[in-house]
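Residue-level listing of the chains:
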Amino acid sequence: NRYNMPTACDNVGGAWDGGDAPFFLKIRGLTPTECSADWLRNEAEWCVDERANELRLVANTAPTHAIRMQPGRPQPCAVPYSLTLPLVPTWSETVTEVPSMGPLGVTLSGVLIESTLWAVHNGFIFSDELQYGHALGPRPHYLHYHAAPPPRRGGRPADEDTLVGVALDGYPIYGPLPNTELATLDACNGRRSAAGGYQYHARTMAQVNLSEPYCGRLGGRANNWNLVLGCFHGVVPAPPIFRSPADAEAAQAGARAAASGAMWTSPTNGRAGCCRTSSDGVQSPAGSSFSKAPAAGLDECKARCAALAGCTAVEFNTRSSQCEVHRSPLVAYVALGTPCVCLLRVASPPSPPYPPGEGLARCGDERWFTEEMRLRSTTPP
């Protein structure tokens, strides 16, 4: 078509994932669980971890609205994943170009927000169905947006006070401003809030001039087709980590435990992996042993351990639904990459009061996270 389609504007940038064309942020290793042309059950859980300065999301890319099938597009699929973002973003005076293909943020419901550039390339940007998103052409066919998402049923379209999602640098994304306030936005589509914090604002189609070249200001690091973001003003983990379903469960297990004050810790910092002791052929302290039986889930597995004197760890295999209850004095190591959640049982959870910033992780759904972010936005950075 008549639009110039660069892969990157800032030649000093390099590739996001270390091997493809510049600024193509691809998501690999994820597997769809179900696909539908009508409706998918949305799953999204956010955890706020002040100790680690992390926002942790486990979601499945399913929207909270009815699916609108697009011509020539596959059925959207639920694709479980886990994403970790900075809880307190790091401001950078030097802005970073957003990926020209791939995610640049995520909505509160866990649906990914992707670059505007390729939506212009394939013409979807001009569709009346733009706000409802479409499925990615190549597998795993996850649904994603190129603009601010539609409101929940019975809700109002997003405005300047509506929290839409979070950018990959950790700064919040709000709905569009009135035309009279557009001049207050910087090249990245951001501005300071009344409390002094930084936040992005998506734009409406009428507020974006697609007749301008994609590569825009600040040496090309800020694009002119800034329907959601023009650039990142915060430091972005490169590349952001989108984990597999087993990793997702492992990543959130420790956060849920901390949120409930439970007595568990992850030896893998949230990565999937099976516990290994001497019973598995690995040298371990004397007395190492475990029992194995099917379980409905990780919670049932932990309950068995809690009821057993001398239990030191649990392992739940997300592929076979087998629960191992370990009684060894020490789990020798964890086999990373295997489809398990391994948790160590600790003597007792930490007790309040905590030092500043050392509170337990807190977890909840989209509505809880919206309120959590609102409260945090009233505190100056």
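Overview of the structure.

A few words on the overall build of the protein chain. When helices and strands are tallied, the protein chain shows four helices and 24 strands. Burial statistics for the protein chain: of 381 residues in total, 50% are counted as buried. Total accessible area on the protein chain stands at roughly 16,700 Å², and carbon and sulfur atoms take up 52% of it.

Our next topic: the nonpolar core. One finds Tyr-81, Val-106, Tyr-200, Leu-229, Phe-232 and Phe-369 to be the most contacted residues of the largest nonpolar core, which totals 55 residues. In terms of residue count, strand E11 (residues 163-167) provides more of this core than any other element does, four residues in total. Not counting residues up to four positions away in its chain, the partners in contact with Leu-229 are Val-98, Leu-104, Ala-167, Cys-188, Asn-189, Tyr-200 and Asn-223.

With that out of the way, let us pick up the sheet that holds strand E20 (residues 313-317). Read from one edge of the open sheet, five strands run E17-E23-E20-E21-E19, paired in antiparallel fashion. The open sheet has two free edges, formed respectively by strand E17 (264-265) and strand E19 (290-294), since each of these has just one partner strand. Against the sheet, helix H3 (residues 298-306) makes contact with E17, E19, E20, strand E21 (322-326) and strand E23 (340-345), and its axis sits at roughly 155 degrees relative to E20, the strand it touches most.

Moving on, we come to the pattern of salt bridges. Evaluation of the coordinates by the stated rule reveals eight salt bridges. Of the charged contacts in the structure, one is a salt bridge between Glu-129 and Arg-68, with a shortest N-O distance of 2.9 Å. Of this pair, Glu-129 sits in the loop between helix H1 (117-121) and strand E9 (134-135) while Arg-68 sits in the loop between strand E3 (54-59) and strand E4 (77-78), and the two are 61 residues apart along the sequence. Residue classification places Glu-129 among the partly exposed residues on the basis of a relative accessible area of 22%. The class for Arg-68 is partly exposed, based on a relative accessible area of 34%. For Asp-299, the salt bridge goes to Lys-302, with nearest N and O atoms at 3.9 Å.

About the criteria used
- Residues numbered from 1 in each chain as written.
- Predicted model: local features only at pLDDT ≥ 70, side-chain atom pairs only at ≥ 80, totals over all residues.
- Heavy atoms only, no water.
- Helix = DSSP H or I, 4+ residues; strand = E, 2+ residues; numbered from the N terminus.
- Buried < 20%, exposed > 50% of the residue type's maximum accessible area, 1.4 Å probe, protein only.
- Areas by Shrake-Rupley, 256 points an atom, 1.4 Å probe, with all protein chains shown as cover.
- Core = buried A, V, L, I, M, F, W, Y, C linked by side-chain atoms within 4.5 Å.
- Contact = heavy atoms within 4.5 Å.
- Pairing = 2+ DSSP bridges.
- Axes fitted to C-alpha atoms, helices over the stretch in contact; angles between N-to-C directions.
- Salt bridge = Lys/Arg side-chain N within 4 Å of Asp/Glu carboxyl O.

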